[in-house]
Amino acid sequence: MDSKTIKCNKCNNDAIIFQKYSGMHLCRKHFIEDVERKIKLTIRKHYSIKRNEMIAVGLSGGKDSSTTLYILHKLFGKRPDIEIVGISIDEGIEGYRPDTIESARELTSKLGVRHIVRSFKDEYDTTMDEIAPQQREKGACSYCGVLRKSLINKIALEMGATKLAIGHNLDDEAQTILLNHLKGDVSRMVRLAPPKELEGLVLRMKPLRHIPEKEVALYAYLNDLPLGFGGCPYAHEAMRREIRVMLNDFEVKHPGTKYALLSGFDKVSGILGREYPQEGLQKCSICGQACTEKVCQACKLLKRDQ
Ligand code: SF4
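Rules of the game
For every chain, the first residue of the written sequence is number 1, and numbering continues from 1 onward in sequence order. Local features in a predicted model are, by the rule used here, given only for residues with pLDDT of at least 70; side-chain atom pairs are given and counted only at 80 or more, and totals for whole chains, interfaces and linings are based on all residues. Derived side-chain values reflect all non-hydrogen atoms in the structure, with water molecules and hydrogen atoms excluded from consideration. Working definition: residue near molecule or strand if any one of its non-hydrogen atoms lies within 4 Å of it. Strands are runs of DSSP state E lasting at least two residues, helices are runs of H or I lasting at least four, and both sets are numbered from the N terminus onward. Under the rule applied, a polar contact is a pair of N or O atoms within 3.5 Å (in protein, one hydrogen donor and one hydrogen acceptor; residues adjacent in sequence only if both atoms are side-chain atoms). Note on contacts: a residue pair is in contact if any heavy atoms of the two residues lie within 4.5 Å. The distinction between a cavity and a pocket rests on a 1 Å grid over the protein atoms alone: a 1.4 Å probe fits inside a cavity but cannot get out, while a pocket stays open yet meets protein on both sides within 12 Å along at least five of seven lines, and a residue with an atom within 4 Å of a point counts as lining. Grid points are joined across faces, edges and corners, and a volume is the space filled by probe spheres set on the points. Paired rings are identified among Phe, Tyr and Trp, the last through its six-membered ring, by centres lying within 6.5 Å, and are further divided according to the angle between planes into stacked (under 30 degrees), edge-to-face (over 60) and tilted (the rest). Buried means the residue's accessible area, taken with a 1.4 Å probe over protein chains only, is under 20% of the maximum for its type, while exposed means over 50%, and partly exposed covers the values in between.

Peer 1: So what exactly am I meant to see when it comes to the site of the ligand here?
Peer 2: What surrounds the ligand is the set I93, R97, C141, C144, R148, C232, Y234 and A235. Of all the elements, helix α6 (residues 140–159) adds the most residues to the shell around the ligand, at 3 residues.

Peer 1: Looking at this structure, how should I read the side chain of T108?
Peer 2: Summarising the element assignment, T108 is placed in helix α3 (residues 97–111). Of note is the side chain of T108, whose polar atom sits 3.0 Å from the backbone oxygen of R105. Not counting the four nearest positions on each side in its chain, T108 is found in contact with L59, L69, V113, R114 and H115.

Peer 1: Explain the layout of surface pockets to me, please; I cannot follow it from the model alone.
Peer 2: In this approach, a probe sized like a water molecule rolls over the atoms, and the result shows the empty space that is left. The volume enclosed by the second largest pocket comes to roughly 410 Å³. Surrounding the second largest pocket, 17 residues form its lining, Y21, P212, K214, E251 and K258 being those nearest its centre. Counting only elements with at least two residues in the lining of the second largest pocket, the list comes to β1 (17–19), α7 (170–183), α9 (213–222), α10 (238–253) and α11 (257–275). Of all the elements, α10 adds the most residues to the lining of the second largest pocket, at 4 residues.

Peer 1: When you look at the packing of aromatic side chains in this model, what are you seeing that I'm missing?
Peer 2: How two aromatic rings sit relative to each other is given by the distance of their centres and the angle of their planes. Across all of its chains, the model carries 3 aromatic pairs by this definition. With 6.1 Å between their ring centres and 65° between their planes, Y70 and Y219 make a pair best called edge-to-face. With Y70 in helix α2 (residues 63–76) and Y219 in helix α9, this pair connects stretches of sequence that are 149 residues apart. Across the pair, Y219 and Y70 agree in class, each one buried. Plain terms: the ring middles of F120 and Y124 are 5.4 Å apart, the flat faces sit at 75° to each other, and that makes the pair edge-to-face.

Any functional reading would require information that these geometric values do not contain.
Below, the structure written as C-alpha cells:
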C-alpha cells in the first residue's frame, strides 16, 4: 500500500478531497453523500417541497445550474406529483451562450426533463450583443441580470411553477452578503434573506447555498455534468471580483469564513426583515410583471417608460 495515500475519514477508501473547514478527508462516495446531505437539509430548512409542486430550474448550462437540476431530479424526479422543468434564457451573446444552451439541452434530454428556451430577442427585441456597445448608465451584467430574472419569472409564472430554483452556491451567497454590507445596501440584504411568498413572484430556492463553489465543480465533474465554458465577454463586475479574491484569501487563512458569513446573515435576516419590511408589490404599468414601483426595472432599463 502506498503509505502516502490519504484515507477517507469515514471509510478505508482513498480520499479525493480535504475539506479544510470541516477537517474531513472524504472519498468519492462520502463526498457525494456529504454534498447531497447538505442540499437536502437546505431544502428542508428553507424551502419545504409539498405535494403537487412544479419546480422550474433556471438553467444556464454551466456547472452550478446543471448541478442544481441534476440534484433536484435525483431527489424528486421519481415523484409523480412533482414536475421539474429547465428554463434557459438566450441573452444573445455570440461565442458564449449558444454552447451553454446546447449543454443545457443535452442534460435535460439525458434526464428526460422538459426544457424551455426563450430569448431576449423574442421577448425584448434586443440582445446583450446590441446592448453592450451602447452608452449605458449601468454595467452590462446589471442589464443582463435584471432582464433575465424578469423573463425567467414570467415564464415560470406562465407555466404555473410553484418554485424557481437557481444555482447560487456558497461562494455566490457569501460574496453577495459582503457586497451588500460594503455598499450599505439594506434593501438588497432584506431581499437576500430566505424567501417569503409574494404574489406575482415565483418563490426562489437556492439548493446549493451551503456548497462551496469548488465542491460544486468537483460534484459536477464526478457526475459527468458540464463544468464550464469560456467566460462571458461582458463579465466586468469589478467589485464582486475583488470580493471574490478577498474571500478566497480569507478562506485559505481562516477556513470556514464563507460558512460563517452565511450563517451569521441567516441569524440576523429575520430581524432585518422585521425592521425593514419589503415594500408591497404591484404590477408594472407597462409589462405587468410584479415590482415595487410603478414601472419595473426591466422596463426602465429598456427605456420603455420614455
Ligand atoms: Fe450576463 Fe454578465 Fe452573466 Fe455575461 S457575465 S451572462 S453579461 S450577467
